[in-house]
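Structure assessment
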Amino acid sequence: MSDRLFFALPGSIETRTGGTIYDKRLIGGLRALGWQVELAEWPASFPFPRRADRQMVASDLAHLPDGTLTIIDGLAFGVLDREVLRHAERLNIVALVHHPLALESGLSPQAQAGFRVSEQSALKCARAVIVTSRMTARGLIQDYGVPAERITVAYPGTDAPVALAQVRHDDHGGPVLLAVGTVSARKGYDLLVDALAPLADLDWSCRIAGSLDRAPEATVALRERIIEAGLQHRIHLLGEVASMVPLYEAADIFVLPSRYEGYGMAFAEALRQGLPVVGCRAGAVPEVVPDSAGLLVEPDDAAALSEALRHLITDREKRRSMAEGALLAGMGLPSWNDTARQVNALLRDLVQVA
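For the structure given in this document, a descriptive report is provided here. (Residues numbered from 1 in each chain as written. Predicted model: local features only at pLDDT ≥ 70, side-chain atom pairs only at ≥ 80, totals over all residues. Heavy atoms only, no water.)

This part covers the overall build of the protein chain. For the protein chain, the count of helices and strands is 14 helices and twelve strands. In terms of overall size, the protein chain behaves like a compact globule, its C-alpha atoms giving a radius of gyration of 21 Å where 354 residues would be expected to give roughly 20 Å. Based on the C-alpha atoms only, the size of the protein chain along its principal axes is roughly 65 × 40 × 35 Å. By the burial criterion, 56% of the 354 residues in the protein chain qualify as buried. The contacts of the protein chain with a sequence gap of at least 6 include a subset with a gap of at least 24, amounting to 72%. When the accessible surface of the protein chain is summed, it comes to about 15100 Å², and 52% of that surface belongs to carbon and sulfur atoms. Across the protein chain, the centroid of the 35 positively charged side chains sits 3 Å from that of the 43 negatively charged ones. (Helix = DSSP H or I, 4+ residues; strand = E, 2+ residues; numbered from the N terminus. Rg over C-alpha atoms; globule rule 2.2 N^0.38 Å. Buried < 20%, exposed > 50% of the residue type's maximum accessible area, 1.4 Å probe, protein only. Contact = heavy atoms within 4.5 Å. Areas by Shrake-Rupley, 256 points an atom, 1.4 Å probe, with all protein chains shown as cover. Lys, Arg positive; Asp, Glu negative; His and termini not counted. Charge placed at Lys NZ, Arg CZ, Asp CG, Glu CD.)

One finds L196, W204, I208, L309 and L347 to be the most contacted residues of the largest nonpolar core, which totals 85 residues. Those residues in contact with W204, other than ones at most four positions away along the chain, are P175, L177, L196, L199, L231, R234, I235 and I313. By size, the runner-up hydrophobic cluster in this structure holds 35 residues, among which are L80, A88, L91 and A95. (Core = buried A, V, L, I, M, F, W, Y, C linked by side-chain atoms within 4.5 Å.)

The next subject is the packing of helix α5 (residues 109-123) against helix α6 (residues 134-144). α6 packs onto α5 with a crossing angle of 100° between their chain directions and a minimal axis gap of 11 Å. Overall, the two elements α5 and α6 adopt an arrangement that is roughly perpendicular. Taken together, the residues of α6 that come into contact with α5 (itself represented by R116, E119, Q120 and L123) are L140, D143 and Y144. Here the residues of the contact of α5 with α6 are counted per class, giving three nonpolar, one polar and three charged. (Axes fitted to C-alpha atoms, helices over the stretch in contact; angles between N-to-C directions. Parallel < 35°, antiparallel > 145°, perpendicular 65-115°, else oblique. Nonpolar A, V, L, I, M, F, W, Y, C, P; charged D, E, K, R; others polar.)

Let's shift gears to the environment of L346. With respect to the element layout, L346 can be found in helix α14 (residues 336-353). Once the C-alpha coordinates of L346 and T152 are considered, the two residues, 194 residues apart in sequence, prove to be 7.6 Å apart.

What follows is about the sheet that holds strand β8 (residues 205-209). Pairing within the open sheet is parallel, and its six strands lie in the order β9-β8-β7-β10-β11-β12. Among the strands making up the open sheet, the edge pair consists of β9 (235-239) and β12 (294-297). Across this sheet, the average inter-strand angle for adjacent strands is 20°, counted without regard to direction. Judged from the five bridges that link them, strand β7 (residues 176-180) and β8 form a sheet pairing that is parallel. The residue of β8 that forms the bridge with L177 is C206. (Pairing = 2+ DSSP bridges.)

Helix length check: α5 (15 residues) gives 21 Å between terminal C-alpha atoms against 21 Å at 1.5 Å per residue, within 8%. When α5 is considered as a whole, its buried residues turn out to be F115, S118, E119, A122 and L123. Angular distribution of buried residues about the axis of α5 spans 130°; they occupy a single face of the element. Within α5, the exposed residues directed more than 90 degrees away from the buried face are P109, Q110 and V117. Looking at the buried positions of α5, the neighbouring elements they touch are α3 (74-77), α4 (81-87), β4 (92-97), β5 (128-131) and α6. (Expected span 1.5 Å × (residues − 1). Arc of directions from axis to C-beta.)

Attention now goes to the sheet that holds strand β6 (residues 151-153). Read across the open sheet, the six strands follow the order β2-β1-β3-β4-β5-β6; overall the sheet is parallel. Two strands in the sheet have a free side with no partner beyond their single neighbour: β2 (36-42) and β6. Taking each pair of neighbouring strands and ignoring which way they run, the sheet shows an average axis angle of 20°.

With that settled, consider helix α13 (residues 316-331). Between its terminal C-alpha atoms α13 stretches 23 Å, which fits the 22 Å expected from 16 residues at 1.5 Å a residue. Taken as a whole, α13 has its buried residues at R319, M322, A323, G325, A326, L327, A329 and G330. On its buried face, α13 is in contact with β10 (253-256), α10 (265-272), β12 and α12 (302-314). Regarding α13, its N-cap is D315, as a side-chain oxygen of that residue lies 3.2 Å from the backbone nitrogen of E317 further along. (Polar contact = N/O pair within 3.5 Å; in protein donor to acceptor, adjacent residues only side chain to side chain.)

By themselves, these are just geometric observations and shouldn't be taken as functional.
What follows is the structure, given as structure tokens:
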């Protein structure tokens, strides 16, 4: 029983979001280290579960044997305060918080307040909390009252490039901009369009790779914004992409003006691929992207973002210099094996204490 682990997340493990990719890679790493992981794919409605979905989750938890080591992804955990309280004494519950639910963009004040209350209550029931950045750890300590000694920071890993990453000479024409992430309010693609519109006199193209289905209203609004800006032939929405390798290899600049990131896996991958970065000083992004590798501006400042993009689009030497900085920073990032080993150490300690 000491090597058994129950791991629950909302939706399919094959979903291509940063949080789910983290969960999948962590599970694979823990299995390689000897854990017998039982995966539970809970309803994708979380963090806005229907009553029947809550009942299904409650049944799952009730059927777990006493003492079961249980990791619950924060997208569900944060609204399961009543359910985890019911089982906090008999289960060994670990919360995996990618970022607090209340910090998602586009929420009403009422929804934000509700998430904050429920997540704070749920976190009190966790034996340990895994987070993906120091910034998130600080937030849980300061704003949610989680004791520092219960928090483990396990950074997302990165994969080595298929081919050796190298500084681009981008002699194929105007720079290719690449953005990666689900089209949603938090990713700031509306800001990106507003920043690119004044740069129509320059030679560039932009590709956005990420789901167009998880926030349909955001996708509709983005398409309309692109057309209104007259950029429909220069900004291409690719949807989810099975392999990012060709896109990284063809890109010259990575840009993503997220309004908040609990870590920013896409930024880390861009560094690993040797791409200079343009983004915002939002959430943990400054923790991931050093000044030598990118230009970060204040969130929601379209004019500043536009100026940063103009600087990199027009200055090839600056791009090369920051690409070198990105390569250096990328080489210092953890691997997925590092992530799994850190979580493994935490789980082994919990089992011994139990």
